[in-house]
Amino acid sequence: MLLQNKKIAIVGGGPGGLTLAKLLQLKGVDVKVYERDVNKNARVQGSPLDLHDESGLAALRKAGLLHDFKNNFMVGADRCTITNHKAEIFFSDHEQKQEENFGDEHFRPEIDRGVLRKLLLESLDSETIVWYSHFLSMTQQDEGWLLHFKNKESVYADIVIGSDGANSKIRPYLTDIKPFYSGITMLEGTIYEAEKRVPNISEILHGGKIMAFGNEQNILMGQKANGEIGFYASFKTDENWAVASGLDFSDQSEILKWFQKEYPDWSSVWYKLFENTSTPFIPRPIYCMPLDQVWKTVKNLTIIGDAAHLMPPFAGEGVNMAMLDALELSEVLTSSHFNTIESAISEYETNMFKRASKIAQESLENGERMHSKNALATMLDFFNSHKDN
C-alpha cells in the first residue's frame, strides 16, 4: 500500500478533515489531525448542514457512520418555507408526508454542525486529534515536511493534507491563486430560546428553514439544535462594506436601524430577529475560488474542502464537497492502482478541480438568482418543480 509506514498529518479538524482521518484509519493508516482549538468544546459550531446522498452521506456510509447519523439528524429541519419581504407565505413543504428517504438524491437531511463534529470525533482512535495545535509554517525535510506550531514542538509527516478552511495556511504551499469576492455579503445573527423570544418567526420556521425574498435582498434562516435559530441578512454590496459602514456589530439597536434603512419595505415582523440576536452580529463577505484554478501536483501535499475550493453557500454544497474530497482522496491514496503517491494525488486533484468548478458555478448562479429582482418568482418555480420529487 502506498501509505504503508507513512505518517499523515491533516491540518484542520472540520468535517472534511475528520472524515478523511476516519476513512484512512479504517485502512490502517497512521494519521494525526492537528487542530488549533484548545479542545472539542472550545467554540460554538456554526449553522446546521444538509448532507447529500452522493457526497456527504456517501462518505459517512463508507466510514460506517450512517447509522449514527440517522440517530442524530434533525428530523424536519430540511423543510422549507418561502415568503416575500412582507413575511407572506408563498410556499411550504411542511404539509408533505415526512419520510426518511435515505438513498434518494432529493432527500437532504440536516444535522447540527456540532453534533456532526462530535459524531466524527468519537469515531476516531483516542490519540488522533492533537488539540491546541496552531499551525504556523512548514519546511521540507527528507521526503516529507516538518510542521511548525505556535504552541507545540515541530512534528514530521510524510504527507500533509490541508483541511484548514477558507483562510488556509497550507494552500500557499501549493498555489498563490486567491479567491475573488462574489459581490454578496451576509450579516449573521443567532437567537437563543427562539420560541420564547421570536414566537411569530418560530411558528413560520416550524423547525425548518425560511427563505424570504424582496427587492434584491434576502433573509435566510434555519433551525439549529437546542432551540436556536441562525439567520442571515443577505445583500449585494461592496467587498469592504463591514468596515466602510462604520456599524457597531455589538449594538442591536444600531443594526436594527441599519436594517430598517437598508430594507425599507420589509415587514416589521423581521425586526424581532435583530432585537433578539445574541451579539455580536457577524458580517461575512462571500468569496469564491476561480473556476479555472489548477496547480502543479506536489508529491506529498494536497488540500481539501474550503482550503481547496471555497465557494458561496447558495447551493448547500460546501461541507458535502469537503466530505466527498475526503472520500475520493482516501480511496486513491489507499488504492492499488497507483504506483506513486504523487500520481494518486494528481488523480484526486484532477477530478476535484472539475467537480468543484461545476458546483461553484452553480453556487454563483444561485446567488445571482436569489438576489435578483425576480428572486421570489424564480425560487418558487424551482421549489414547486421539485416538490413532487
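The structure presented is a predicted model; accordingly, all values stated were derived computationally and were not measured.

Q: Explain the overall build of the protein chain to me, and be specific about the residues and the numbers.
A: A tally of regular secondary structure across the protein chain gives 13 helices and 17 strands. Dimensions of the protein chain, computed from C-alpha atoms along their principal axes, come out at roughly 65 × 45 × 40 Å. Expressed as a percentage of the 389 residues in the protein chain, the buried residues total 54%. Taking the intrachain contacts of the protein chain between residues at least 6 apart in sequence as the baseline, contacts between residues at least 24 apart amount to 72%. Of the accessible surface of the protein chain, which amounts to about 17900 Å², a share of 47% is contributed by carbon and sulfur atoms. Across the protein chain, the centroid of the 40 positively charged side chains sits 3 Å from that of the 54 negatively charged ones.

Q: Which residues make up the side chain of Gln217, and what values do they have?
A: By the secondary structure assignment, Gln217 is in strand 14 (residues 217-223). Gln217 sits in the buried class, given a relative accessible area of 12%. A polar atom in the side chain of Gln217 sits 3.3 Å from the side chain of Trp266. Look past the residues within four positions of Gln217 in its chain and what remains in contact with it is Ala212, Ser234, Phe235, Glu262, Tyr263 and Trp266.

Q: Give a description of the pattern of salt bridges that names residues and reports values.
A: What the rule picks out here adds up to 16 salt bridges. Across the pair Asp30 and Lys7 runs a salt bridge, and its minimum N-O distance is 3.5 Å. Highlighted residues: Asp30 in strand 2 (residues 30-34) and Lys7 in strand 1 (residues 7-11), separated in sequence by 23 residues. Of the residues examined, Asp30 reaches a relative accessible area of 36% and is grouped as partly exposed. Glu193 is the salt-bridge partner of Lys196, the closest N and O atoms lying 3.6 Å from each other. Since its relative accessible area comes to 43%, Glu193 is described here as partly exposed.

Q: I'd like to hear about the sheet that holds strand 10 (residues 155-157), residue by residue, with values.
A: The 3 strands lie next to each other as 8-9-10, forming an open sheet whose pairing is antiparallel. Sheet topology places strand 8 (135-141) and strand 10 at the edges, where each strand pairs with a single neighbour. The sheet shows a mean angle of 30° between the axes of neighbouring strands, taken without regard to direction.

Q: How would you explain the packing of aromatic side chains if you had to name every residue and give the values?
A: Scanning the entire structure with this criterion turns up 25 aromatic pairs. Ring geometry for Trp241 against Trp258: centres 5.5 Å apart, planes inclined by 55°, an arrangement best described as tilted. Of this pair, Trp241 sits in helix 7 (residues 241-244) while Trp258 sits in helix 8 (residues 252-262), placing them 17 residues apart in sequence. Each member of the pair Trp241 and Trp258 is classed as buried. Members of the aromatic cluster, each reached through a chain of ring pairs, are Phe231, Phe235, Trp241, Phe249, Trp258, Phe259, Tyr263, Trp266, Trp270, Tyr271, Phe274 and Phe281.

Q: Explain the sheet that holds strand 13 (residues 209-214) to me, using residue names and the numbers behind them.
A: Pairing is mixed across the open sheet formed by 7 strands, whose spatial order is 5-4-13-14-15-12-16. Edge positions in the sheet fall to strand 5 (89-92) and strand 16 (282-288), since each of these pairs with one other strand and no more. Put simply, the sheet's adjacent strands are angled 20° from each other on average, direction ignored. Here strand 12 (residues 180-191) runs beside strand 16; their pairing, made up of 6 bridges, is antiparallel. Its bridge partner being in strand 16, Met186 is matched across the sheet by Arg284.

Q: Which residues make up the packing of helix 11 (residues 318-333) against helix 12 (residues 341-370), and what are the values?
A: To characterise two packed helices, one gives the angle between the axes of the helices and the distance between these axes. Direction vectors running N to C along helix 11 and helix 12 enclose 155°, while the axes themselves pass 9 Å from each other. One way to sum up the angle between helix 11 and helix 12 is to call them roughly antiparallel. The handedness of the crossing between helix 11 and helix 12 is right-handed. Together, Met321, Leu324, Asp325, Glu328, Leu329, Val332 and Leu333 of helix 11 and Ile341, Ala344, Ile345, Glu347, Tyr348, Asn351, Met352, Arg355 and Ile359 of helix 12 make up the contact between the two elements. Its residues placed into classes, the contact of helix 11 with helix 12 shows 11 nonpolar, 1 polar and 4 charged.

Q: Describe the pairing of strand 11 (residues 159-162), naming the residues involved and giving the relevant values.
A: Of the two faces of strand 11, the one holding Ile159 and Ile161 and the one holding Val160 and Gly162 are both buried throughout. In this sheet, strand 11 lies alongside strand 1 in parallel orientation, the contact comprising 4 bridges. Looking at strand 11, one finds that Ile10 is bridged to Ile161. In terms of strand pairing, strand 11 meets strand 17 (residues 301-303) through 3 bridges, oriented parallel. Looking at the pairing, Gly162 lines up with Ile303 of strand 17.

Q: Would you mind going over the pairing of strand 12 in detail, with residue names and values included?
A: Of all the 12 residues making up strand 12, 10 are buried; the element is thus mostly covered by neighbouring parts of the structure. Pairing geometry for strand 12 and strand 15 (residues 229-236), over 8 bridges, is antiparallel. Pairing of Met186 across the sheet is with Ser234, part of strand 15.

What counts and what doesn't
- Residues numbered from 1 in each chain as written.
- Predicted model: local features only at pLDDT ≥ 70, side-chain atom pairs only at ≥ 80, totals over all residues.
- Heavy atoms only, no water.
- Helix = DSSP H or I, 4+ residues; strand = E, 2+ residues; numbered from the N terminus.
- Buried < 20%, exposed > 50% of the residue type's maximum accessible area, 1.4 Å probe, protein only.
- Contact = heavy atoms within 4.5 Å.
- Areas by Shrake-Rupley, 256 points an atom, 1.4 Å probe, with all protein chains shown as cover.
- Lys, Arg positive; Asp, Glu negative; His and termini not counted.
- Charge placed at Lys NZ, Arg CZ, Asp CG, Glu CD.
- Polar contact = N/O pair within 3.5 Å; in protein donor to acceptor, adjacent residues only side chain to side chain.
- Salt bridge = Lys/Arg side-chain N within 4 Å of Asp/Glu carboxyl O.
- Pairing = 2+ DSSP bridges.
- Axes fitted to C-alpha atoms, helices over the stretch in contact; angles between N-to-C directions.
- Phe/Tyr/Trp six-rings, centres within 6.5 Å; stacked < 30°, edge-to-face > 60°.
- Parallel < 35°, antiparallel > 145°, perpendicular 65-115°, else oblique.
- Left-handed = near helix turned anticlockwise from the far one by under 90°.
- Nonpolar A, V, L, I, M, F, W, Y, C, P; charged D, E, K, R; others polar.

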